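Examination of the molecular architecture
Residues per chain, in single letters:
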Amino acid sequence: MEKRINVTRSLMPSFEEYIEEIRPIWDSHWLTNMGVKHQELEDKLKEYLHVPEISLMSNGHMSLEMALQAMELEGEIITTPFTFASTTHAITRNNLEPVFCDIDPFDFTMDVSKIETLITDRTSAILPVHVYGNICQVNEIDRIAKKHGLKVIYDAAHAFAETYHGQGVGCYGDASIFSFHATKVFNTIEGGCVCFSDEAFGIQLSRLKNFGICNEEVVDGIGANAKMNEFQAAMGLCNLRYIDGEIKKRKHLTECYRERLERQKGIQLNAVQKDVKSNYAYFPVVINAEEFGASRDEICGELKKYQIYARKYFYPLTSSFECYHGRFTPEETPVAWNISKEVMTLPLYGELEENIVHRVCDIILSLKKR
Ligand SMILES: *Cc1c(COP(=O)(O)O)cnc(C)c1O
């Protein structure tokens, strides 16, 4: 029986290291509500991510929901359907209306040339996603937002540790959110954060993540519970010690994949962006079935026979989810629509053995048209 290979594997410290990290929590009996580990992780991440301010959250999704609520937005939000369910759900759960913009066919981020055609007098913000860690066209988005008086919130769930022109990617827009879910490059088991610079926004966020509690007797916001607990923060403190090594290993494996799969007819690899320090979060490939000789779904099926689980990510588009049936028209973003049917991400994580990368490539290339 072959060993199952998943698309990712969580970064973890040794058991003993984690136990040492959580020992003080036992002694203090302070388990959550902005304790010592929470404070320490917030300080360390602020520095590591090169961002002015940070607010830790229970997960990436609540980071998005809290950021949108704290911004007191109304009406329509221009966003992308080529993302994880969370992005679109965070908008609709805030009683806001997503308006879907198409994507760039090479880096899969929002096609900035289409944004202005979607702006109406009801538009209040733009919510782009740094897809697979590819950085959006932040300067152009900033220009459009300023011109039309819109807020910008980046879903940077895939972009941990990345910089653009040497600047932390979380510095762009009015706020950026990161996810520290177990499947992401850096994890706190579950977790996330909002990065921002506006002080008043930060106060609003810190209240909303704790039920809107202002002080002992005043509750002035209809908040939720989105606090990161001490055990999550402790996991983050441990994993932060290994993150640079993790990214370095991913970089090497990415180069192995690239060497095998680039210049293969019918396979499109992820764009390499200038001036971006990448975190190598994912290895997406777009398969043109006609040119290659096998479809994305056929390749996925073949890999599965060898216990290798690639992921159809992102498929389907969020605009075609059953829960939104009849509300959106997925065909209105044709580039995203087509790519979602052709894209898959291959296994990639620090502990992945190089020979598995070659196995994956051998299996894929064995399906190639001769
Ligand atoms: C993972 C992810 C989220 C949600 O983060 P969680 O920590 O899982 O709640 C949001 N957006 C994108 C693009 C993601 O990949």
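These numbers come from a predicted model, not from an experiment.

**Topic: the packing of helix α9 (residues 243-261) against helix α13 (residues 354-365)**
Packing of α9 against α13 leaves a shortest axis separation of 10 Å and a crossing angle of 25°. Relative to α13, the element α9 lies roughly parallel. As α9 packs across α13, the resulting crossing turns out to be right-handed. Listed contacts from α13 to His252, Leu253, Cys256, Tyr257, Arg260 and Leu261 of α9 are Glu354, Val357, His358, Val360, Cys361, Asp362 and Leu365. For the contact of α9 with α13, the residue count by class is 8 nonpolar, 2 polar and 3 charged.

**Considering the pairing of strand β2 (residues 76-79)**
A two-sided burial pattern is seen for β2, the buried positions comprising Glu76 and Ile78 on one face and Ile77 and Thr79 on the other. For β2 and strand β3 (residues 97-100), the ladder comprises 4 bridges, and the chain directions are parallel. Bridge assignment links Ile78 to a residue of β3, and that residue is Val99. Crossover handedness for the path β2 to helix α4 (residues 85-92) to β3: right-handed. When β2 meets strand β4 (residues 123-127), the two strands line up parallel, connected through 4 bridges. Each bridged residue has a counterpart across the sheet, and for Ile78 the counterpart in β4 is Ile126.

**A few points about the sheet that holds β2**
Either a parallel or an antiparallel arrangement is found when strands of a sheet pair, and the pairing is made through backbone hydrogen bonds. Taken together, 7 strands build an open sheet; the order of strands is β1-β9-β8-β5-β4-β2-β3 and the sheet is mixed. The open sheet has two free edges, formed respectively by β1 (53-57) and β3, since each of these has just one partner strand. With direction set aside, neighbouring strand axes in the sheet form an average angle of 25°. As paired strands, β1 and strand β9 (residues 192-196) are joined by 5 bridges and run antiparallel to one another. Looking across to β9, one finds that Leu56 is bridged to Cys193.

**Regarding the packing of aromatic side chains**
On inspection of all chains with the given rule, the structure shows 19 aromatic pairs. Centroid distance Phe196 to Phe201: 5.5 Å. Interplanar angle 70°. Geometry classified as edge-to-face. Side by side, Phe196 and Phe201 carry an identical accessibility label, which is buried. Ring geometry for Tyr282 against Tyr313: centres 5.4 Å apart, planes inclined by 35°, an arrangement best described as tilted.

What counts, and at which threshold
- Residues numbered from 1 in each chain as written.
- Predicted model: local features only at pLDDT ≥ 70, side-chain atom pairs only at ≥ 80, totals over all residues.
- Heavy atoms only, no water.
- Axes fitted to C-alpha atoms, helices over the stretch in contact; angles between N-to-C directions.
- Helix = DSSP H or I, 4+ residues; strand = E, 2+ residues; numbered from the N terminus.
- Parallel < 35°, antiparallel > 145°, perpendicular 65-115°, else oblique.
- Left-handed = near helix turned anticlockwise from the far one by under 90°.
- Contact = heavy atoms within 4.5 Å.
- Nonpolar A, V, L, I, M, F, W, Y, C, P; charged D, E, K, R; others polar.
- Buried < 20%, exposed > 50% of the residue type's maximum accessible area, 1.4 Å probe, protein only.
- Pairing = 2+ DSSP bridges.
- Right-handed = clockwise from strand over helix to strand, strands pointing away.
- Phe/Tyr/Trp six-rings, centres within 6.5 Å; stacked < 30°, edge-to-face > 60°.

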